[in-house]
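Listed here are the chains, written in short residue letters.
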There are 2 protein chains.
Amino acid sequence: MPGSRACISPNDRGFTHADGVYEIVRSYAGTLFRIPDHLARLKRSLAAVRIAVPDVDTFAETAAELLRRNRLDKKDATVYIQITRGIAERMRAPGPAIPTVYIETSPLIARRALCRGVSVITLPDIRWGRCDIKTIGLLPNALARMQATDKGVYEALFIRDGFVTEGTHTNVFGVKDGTVLTHPPDHHILPGITRTVLLELCRALGIPISESPIPEPELTRLDELFLTCTTAEVIPVLRVNDVAVADGKPGPITRRLQSAFRRLSRRA
Amino acid sequence: MPGSRACISPNDRGFTHADGVYEIVRSYAGTLFRIPDHLARLKRSLAAVRIAVPDVDTFAETAAELLRRNRLDKKDATVYIQITRGIAERMRAPGPAIPTVYIETSPLIARRALCRGVSVITLPDIRWGRCDIKTIGLLPNALARMQATDKGVYEALFIRDGFVTEGTHTNVFGVKDGTVLTHPPDHHILPGITRTVLLELCRALGIPISESPIPEPELTRLDELFLTCTTAEVIPVLRVNDVAVADGKPGPITRRLQSAFRRLSRRA
C-alpha cells in the first residue's frame, strides 16, 4: 500500500512498549545484500523477545517484490523490516497477539563524503545488557547521536567499563601493528552483518584479526580506526573527541577493506 | 475520536525508536489523582529526551474532558498520556518534528485480589542507566514480567549490584524494625507518584523512613515487603522466589499504609 495509507494502532506494542525488532537490508542495483544473514539475525531477535513469526523466510521475496513495485529494482535502496508483538493490552506482559509486520523500501541516499572520513565523540554506554538483540528500543542511541550532532560530529562511540563497545548505529574497528581489532560478539554489541563481512574480508586478504575490545585511551593511539554499518559500509574515523587518530587520514588497511567491500557488494 | 479510528504513522519515532515518554494517571470517581505531579514528571521526562511540548499543563483539562466524553467522570478510570518525537526520518538523530500527543482513557479494571498479597521473583536489572525517565522503551520490563508470568507470580523485582531497585511496573518497599525502607530516587528507579505519596503518608503517620536500597538476601528477612503502583496502589508481597517473607502474611504497617492511601485517594 502507499506509505501515506499505512496505519499503526496506538495500541500496537511497538508504539507503547518498544516491543519489537527490526532489520535494514541494503540492495545494490536491486540485489539484496546478505539477506539470508539479515533474516537469520531477525529470527534470533524474534526468539530472544519471544515473538513468533513463522514466515520470516518469505520476507526475501516480499522485499524483492516491494523493490520492483517501487521501481527500485535497478537502483541502490534499503529495505526496512520491523516486527512488533502486535496490538495488545498496555500491560507489561500481554496476552497472545498477532505480530505486526511492516516492510518498507526507500531509495538509498548516498553520503559519499562519509567514505573520506568522519569525527566522533565517546560517551558512556548506559544502554541495557542485551544490545545483541536488534530491538526498536533505540532511544539511548538516539540521545547519544544527538549529542554527537551537537558537537558537530558524525557518531558517538559507547564506552563500557573503559572499553569501546560500538557506535549508535555502527560497529567499531581499530588497526594496530597490522592487526584489525574489534569488540567480540557478546551481549554488549550488535553482531553487525557488515561487521561479519569485514572479518571475512580480513581473513580472505590475510589481515590478522583480534576480537578484543579497544580500551578508550588507546583510540587515538591506534594506527587506524573505522566504523561499519549496512548503509554506509566502511567509514574511516579521523578524530576522536577532537584528537587526531594517527596522522588524521584514512589508513591503508581501511582503504583496502573499503575497496574489497565495494567489490564484493557490487557483484553480490 | 473513537479509539478504532486513531492511527499512528509507521514513521512515528515512537514506533521505530521508542522515542517517547508516557504517564498513567488514576482517576477516582472522576477526580484525577495527583495530576500536577504526573504532569511535572512528564515535563521532566520530555526535557530529558529533548522533546519540546509547550502545552503540557493543558493536559489536565484534556484528560478531564476525555473522562466526561467517555462517561468515566463518575467511575474509576485511568488516563494514558504518551508523547513521542513525532514523524521523522529513521535516522538516529532526526531533524525537527512535530511531537505526537496521544491521550486515552480506560475504565479501571480493579484487581482486588492484589491487595491481599502477591508472590514475586527476582531478576538481574539489565535495563539502561536512566530508569528515572519514564520512556516507552519498556521491552526489558515486558520480558522480565513474562518471566514472572512463566513462574506463575505477579511481578519481577530487579536486582542491580546486589540491591533491589524496583519492579517491572512497581516501586518496592521493605519494613524492618518499624522503619520503611525503599531505594533512593536516582537514575536506577522511576520516582513513582505513589512512591512519593507513600513516603508522605509515612511522615504523616510518624513511621520512620530510610531511603536506602535493600540487599537481595535481606528480602525474605524483612518484617514486611510491599509494592506500589498507580493503578494497584499498595500491594503486599508474601513470597520472594518461593520463600515466605516473615510469616507470609501482609504486615501491620503495610495494612496501615494501604488504608491511609485508600482514604487519601478517595477524598482527593
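Quick caveat, the model's predicted, so the values are computed rather than measured.

The rules behind each value
Residues numbered from 1 in each chain as written. Chains lettered and ligands numbered in written order. Predicted model: local features only at pLDDT ≥ 70, side-chain atom pairs only at ≥ 80, totals over all residues. Heavy atoms only, no water. Helix = DSSP H or I, 4+ residues; strand = E, 2+ residues; numbered from the N terminus. Rg over C-alpha atoms; globule rule 2.2 N^0.38 Å. Buried < 20%, exposed > 50% of the residue type's maximum accessible area, 1.4 Å probe, protein only. Least-squares fit on C-alpha atoms with pLDDT ≥ 70 in both. Contact = heavy atoms within 4.5 Å. Arc of directions from axis to C-beta. Pairing = 2+ DSSP bridges. Axes fitted to C-alpha atoms, helices over the stretch in contact; angles between N-to-C directions. Phe/Tyr/Trp six-rings, centres within 6.5 Å; stacked < 30°, edge-to-face > 60°. Lys NZ or Arg CZ within 6 Å of the ring centre and 35° of its normal. Buried area = accessible area lost by both parts, 1.4 Å probe. Salt bridge = Lys/Arg side-chain N within 4 Å of Asp/Glu carboxyl O. Polar contact = N/O pair within 3.5 Å; in protein donor to acceptor, adjacent residues only side chain to side chain. Disulfide = S-S within 2.5 Å. Expected span 1.5 Å × (residues − 1). Parallel < 35°, antiparallel > 145°, perpendicular 65-115°, else oblique. Nonpolar A, V, L, I, M, F, W, Y, C, P; charged D, E, K, R; others polar.

**Student:** Teacher, can you tell me more about the overall build of chain A here?
**Tutor:** Across its full length, chain A carries 6 helices and 13 strands. Its C-alpha atoms give chain A a radius of gyration of 19 Å, within 12% of the compact-globule value 18 Å for 268 residues. Oriented by its inertia axes, the alpha-carbon framework of chain A measures out at about 55 × 40 × 30 Å. Counting across all 268 residues of chain A, residues that qualify as buried make up 55%.

**Student:** Looking at this model, I keep getting lost on the relation of the copies chain A and chain B. Mind explaining?
**Tutor:** The two chain copies are connected by a rotation around an axis plus a translation along it. With an RMSD of 0.0 Å, the fit of chain A onto chain B corresponds to turning through 180° and sliding 0.0 Å along the axis. Within this description, the copies of the chain are treated as partners about a two-fold rotation axis. The share of interface residues of chain A whose copies in chain B are also at the interface is 100%, consistent with both copies meeting through the same surface.

**Student:** Before we go on, may I ask you to explain helix α3 (residues 59-69) of chain A in this structure?
**Tutor:** Since there are 3.6 residues in each turn of an α-helix, residues three or four apart along the chain are aligned in direction. Residue and element names in this part refer to chain A. Of all the positions in α3, only F59, A63, A64 and L67 are classed as buried. Looking down the long axis of α3, one finds its buried residues gathered within 140° of arc, a one-sided arrangement. Summarising the contacts, the buried residues of α3 are in contact with β1 (20-28), β2 (31-32), α2 (35-49), β3 (77-84) and β4 (100-107). After α3 finishes, the residue R71 shows a positive phi value of roughly 55°.

**Student:** Is there a simple way to think about the pairing of strand β12 (residues 233-240) of chain B in this case?
**Tutor:** Regular strands place their side chains on alternate faces of the sheet. All names here are of chain B. The buried fraction of β12 is high, at 7 of 8 residues. Alignment of strand β5 (residues 118-124) against β12, held across 3 bridges, turns out to be parallel. Residue V120 lies in a different strand from β12, and its bridge partner there is V240. Taken together, the 4 bridges between strand β11 (residues 224-229) and β12 define a ladder with antiparallel strand orientation. Residue pairing across strands places T228 opposite V234, the latter belonging to β12. Where β11 folds back on β12, the antiparallel hairpin that results is connected by 3 residues.

**Student:** How do you make sense of the sheet that holds strand β1 (residues 20-28) of chain B when you look at a structure like this?
**Tutor:** Backbone-to-backbone hydrogen bonds pair the strands of a sheet. The strands run either parallel or antiparallel. Residues and elements named next belong to chain B. Spatial ordering of the open sheet is given by β2-β1-β3-β4, a layout of 4 strands whose pairing is antiparallel. Looking at which strands have only one partner, the edges of the open sheet turn out to be β2 (31-32) and β4 (100-107). As paired strands, β1 and β2 are joined by 2 bridges and run antiparallel to one another. In the strand pairing of β2, Y28 is matched with T31. This element, helix α2 (residues 35-48), spans β1, β2 and β3 (77-84) of the sheet and lies at about 175° to β1.

**Student:** I'm lost on the packing of aromatic side chains in this one. Help?
**Tutor:** Pairs of aromatic rings are described using the distance from one ring centre to the other and the angle between the two planes. Residue and element names in this part refer to chain A. The tally for this structure, following the rule as stated, stands at 8 aromatic pairs over all chains. Between F173 and F226 the ring centres are 5.0 Å apart and the planes differ by 0°, which places this aromatic pair in the stacked class. With a gap of 53 residues between them, F173 in strand β8 (residues 171-176) and F226 in strand β11 (residues 224-229) connect regions that are remote in the sequence. One aromatic cluster in this structure is built from Y28, F33 and F261. Across the ring face of Y154, the terminal group of R145 is positioned such that the distance to the ring centre comes to 4.9 Å.

**Student:** Just to check I follow, could you spell out the interface of chain A and chain B for this structure?
**Tutor:** Where interface size is quoted, it is often the accessible area lost as the parts come together. With 52 residues of chain A at the interface, the matching set in chain B holds 52 residues. Between chain A and chain B lies a buried interface of about 4300 Å² when both sides are counted; carbon and sulfur atoms form 64% of it. R50 of chain B serves as the salt-bridge partner of D150 of chain A, at 3.0 Å between the closest nitrogen and oxygen. Between chain A and chain B we count 13 residue pairs in polar contact (both at pLDDT 80 or more) in total. Looking at the side of chain A that touches chain B, the elements with two or more residues in it are α1 (13-16), β1, α2, β3, β4 and α4 (139-150) of chain A.

**Student:** Explain the pairing of β11 of chain B to me, please; I cannot follow it from the model alone.
**Tutor:** Residue and element names in this part refer to chain B. For β11, the buried fraction is high: 6 of the 6 residues fall into the buried class. The sheet contact formed by strand β8 (residues 171-176) and β11 spans 5 bridges and is antiparallel. Residue pairing across strands places V172 opposite L227, the latter belonging to β11.

**Student:** Could you clarify how one ought to interpret the sheet that holds β1 of chain A in this entry?
**Tutor:** Residue and element names in this part refer to chain A. Spatially, β2-β1-β3-β4 is the arrangement adopted by the 4 strands of the open sheet, whose pairing is antiparallel. The open sheet has two edge strands, β2 and β4, and neither has a second partner. Here 8 bridges tie β1 to β3, and the two strands are oriented antiparallel to one another. When the sheet's bridge partners are listed, V25 is paired in β3 with V79. α3 rests against β1, β2, β3 and β4 of the sheet, and its axis sits at about 40° to β4.

**Student:** Is there a simple way to think about the environment of D125 of chain A in this case?
**Tutor:** Residue and element names in this part refer to chain A. Here D125 is to be found in the loop between β5 (118-124) and α4. According to the relative accessible area criterion, D125 is buried, its value standing at 8%. A sequence separation of 28 residues divides D125 from A97, and the C-alpha atoms of the two residues are 33 Å apart. When sequence neighbours within four positions are dropped, the list of residues in contact with D125 reads F158, I159, R160, T165 and H188.

**Student:** What am I meant to see in the state of the cysteines here?
**Tutor:** Here is the idea: a disulfide is a covalent bond, and it sits between the sulfur atoms of two cysteines. In the structure shown here, the tally under the stated rule is 1 disulfide over all chains. As a non-bridged cysteine, C131 of chain A has C131 of chain B as the owner of its nearest cysteine sulfur, 13 Å distant.

**Student:** Looking at this model, I keep getting lost on helix α4 (residues 139-150) of chain B. Mind explaining?
**Tutor:** Here α4 of chain B is 12 residues long and its end C-alpha atoms lie 16 Å apart, about the 16 Å a rise of 1.5 Å per residue gives. If you check which residues of α4 of chain B are buried, you get L139, P140, N141, A142, L143, A144, R145, M146 and A148 of chain B. Here the buried face of α4 of chain B lies against α1, β1 and α2 of chain A together with β5 and β6 (155-160) of chain B. At the exit of α4 of chain B stands G152 of chain B, carrying a positive phi of roughly 75°.

**Student:** Any chance you could explain the packing of helix α5 (residues 193-205) of chain B against helix α6 (residues 252-267) of chain B here in plain terms?
**Tutor:** The description of two packed helices rests on the angle between their axes and on the distance between the axes. Residue and element names in this part refer to chain B. Running from amino to carboxyl end, α5 crosses α6 at an angle of 110°, the nearest separation of the two axes being 10 Å. Between α5 and α6, the interaxial angle falls into the category roughly perpendicular. Contact with α5, carried on its side by T194, V197, L198, L201, C202 and L205, involves R256, L257, A260, F261 and L264 of α6 and no other residues of that element. Residues belonging to the contact of α5 with α6 are distributed by class as follows: 9 nonpolar, 1 polar and 1 charged.

**Student:** Just to check I follow, could you spell out the side chain of R127 of chain A for this structure?
**Tutor:** All names here are of chain A. Inspection of the secondary structure assignment puts R127 in the loop between β5 and α4. Its relative accessible area of 6% is what places R127 among the buried residues. Among the polar contacts listed, one links the side chain of R127 to the side chain of E166, at a separation of 2.9 Å.

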